[in-house]
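Observations on the three-dimensional arrangement
So the chains spell out like this:
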Amino acid sequence: MMNEKPTLKSLLETSAGKKLLLLGKEQIFTQKEIERFLKRFKVTPVKYLEEDVIGVVENHRLNPVEEDISNEAYERHLPIYKLSAFEQLLSEEIDDDALLMAIKLGNDQERIVRLLGNEHLSNALFVRLLKLYTFHPEEEDNRQDRDVIMYTLRRYIDIKPNEEDLLYSYLTLRRLATEATDPELLKALLHFPNFEFLIRGREKITLQETIARNPHIDEETVRKLLATRKVAIARALAGNSVISNEVQKHLLSHKDEAIDKALAANSAIDDTLFEALLTRGDDAVSLLLVHQPVDVSRYEKVRKAGIDEEHFALIGANEMLEADVIKALATTENETLWQMLAENKTVPAQVLASLYEKGGREVYLALAKNPAVPEAILESLYERAADDTEMLAALAHNPSLPEAKLRALFEHDNFEINRGLATNAALPPELLDVLKIDTRLQHELAQNEQLVKSYEAVLKQNKAMMNV
């Protein structure tokens, strides 16, 4: 029975005074770095099959002479290891602090680039190295810069073999800045050139603005972003829920309309900012009323702000209203507000019932689409609709409508009604299959949760089959 090959580390640990044969060209580590590593074990690297050689490390590419040496080593029953295994062991044995100190002292940019290409390094060390790399903004297409960007994308973005072209797109860098959850990585990305991305063919956004919007940035990154004194970055930060109240107040002092609107949509603002933003123009007030949690105290501030009926009605669409606030809103004499409340899925059933009693066509149409409306009211709206296509189309959207009624709506064979049915996740599958054939309904079908989930399931199944 053949002896089991020892692990490379155990071989080195038991071979003091011996030699290790290295065949082929070094890759991630230089010859000197390899020599320093082996010196710990008192093992000497050699290029030829000498006496006292206890094992072989091979690159996957060997020249003819090296192939002959490898064959001879095999015949001698010497253990042979891949270069990648040796590089992984060396990587695992790195003293991070000592390495970083040596690089800082020598400002060895070449070494940084080599190490960033080492997939065996921990993410923590990779990020620390990334912060030490100096980009070349004066050069349009610097090779080292491009390599560093690709190493970063390859490490953090799941790139399939048929998607390698994504590594050459700076839009993938924006994706990383959007999806990253490591505050230190986001901090390192601030060292990158401030690339500008064109979104959806019209909106331009920079890398720094993208980082400013990421909810995983820490206080140090916020300070660095503010230090740029760029209005666009301030606007991006204003909408980020992780920024401190102190920073929010600082941004409010800019008296910039776009910053005010971003703060108004930021659910992390306190009551003081909420009250201040009530005086900052119709757009900011509209966003404030729709996107902020509103308790009784805030509601009183809204009432005293003297907001016109049209803008005040927007509060009815807010899905973060306290129960007492909802009750108070339902008693106001504002039909537009009633309509907004009637559409709101978070409004309690008893309040929706009271709105039904108030009546009004616009309120009925809003109730017809709301899945939180009690079934009895939906049934009543259906019976009253008769041949009212607009009302029937509104009901067709509602997943809480009984299946029998959905089937009856399908029998109308009316395009406007079918548009509603196409969005309805509760529509029986066989009816949905019929609607899928109508190319005019593609937009509505894309909103159907049932259909979207089925497509996602197929995609996951295909991915699993490919992995197998």
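See the structure shown above.
First, a word on what this report is: a plain description of the structure on this page. (Residues numbered from 1 in each chain as written. Predicted model: local features only at pLDDT ≥ 70, side-chain atom pairs only at ≥ 80, totals over all residues. Heavy atoms only, no water.)

All right, on to the sheet that holds strand β1 (residues 19-23) then. Backbone hydrogen bonds hold the strands of a sheet together, and the pairing may be parallel or antiparallel. Here we have 4 strands laid out as an open sheet, ordered β2-β1-β3-β4, and parallel in their pairing. In the strand order of this sheet, the two ends are held by β2 (44-46) and β4 (80-82), each with one partner. Across the sheet, the mean angle separating the axes of adjacent strands is 30° when strand polarity is ignored. When β1 meets β2, the two strands line up parallel, connected through 3 bridges. Note that in β2 the partner of lysine 19 across the bridge is threonine 44. Running over the sheet, helix α4 (residues 83-92) touches β1, β3 (53-58) and β4 and is turned about 75° from β4. (Pairing = 2+ DSSP bridges. Helix = DSSP H or I, 4+ residues; strand = E, 2+ residues; numbered from the N terminus. Axes fitted to C-alpha atoms, helices over the stretch in contact; angles between N-to-C directions. Contact = heavy atoms within 4.5 Å.)

What follows covers the side chain of aspartate 256. Note that aspartate 256 resides in the loop between α14 (245-252) and α15 (257-264). In terms of polar contacts, aspartate 256 uses its side chain to reach the backbone amide nitrogen of isoleucine 259, at 2.9 Å. Ignoring sequence-local partners within four residues, the contact set of aspartate 256 consists of Val231 and Arg235. (Polar contact = N/O pair within 3.5 Å; in protein donor to acceptor, adjacent residues only side chain to side chain.)

Okay, the packing of aromatic side chains next. One pass over the structure, following the stated rule, counts 8 aromatic pairs. Aromatic side chains tyrosine 170 and phenylalanine 195 sit 4.2 Å apart centroid to centroid with 25° between the ring planes, which places their arrangement in the stacked category. Residue tyrosine 170 is found in helix α9 (residues 170-179), and its partner phenylalanine 195 is found in the loop between α10 (183-189) and β5 (196-199); the two are separated by 25 residues along the sequence. Note on tyrosine 356 and tyrosine 364: the rings are 5.4 Å apart at their centroids and 50° apart in plane angle, and the pair reads as tilted. Residue class for tyrosine 356 comes out buried when judged on its relative accessible area of 12%. Connected via pairs of aromatic rings, a cluster forms that spans Phe37, Phe41 and Phe86. (Phe/Tyr/Trp six-rings, centres within 6.5 Å; stacked < 30°, edge-to-face > 60°. Buried < 20%, exposed > 50% of the residue type's maximum accessible area, 1.4 Å probe, protein only.)

For the rest of this paragraph, the subject is the packing of helix α23 (residues 361-369) against helix α25 (residues 389-396). The geometry of α23 relative to α25 is characterised by a closest axis approach of 6 Å and an angle of 30° between their N-to-C directions. Judged on the interaxial angle alone, α25 and α23 are roughly parallel. The way α23 lies across α25 gives a crossing that is right-handed. Facing Arg361, Tyr364, Leu365, Ala368 and Lys369 of α23, the residues of α25 in contact are Glu390, Met391, Ala394 and Leu395. (Parallel < 35°, antiparallel > 145°, perpendicular 65-115°, else oblique. Left-handed = near helix turned anticlockwise from the far one by under 90°.)

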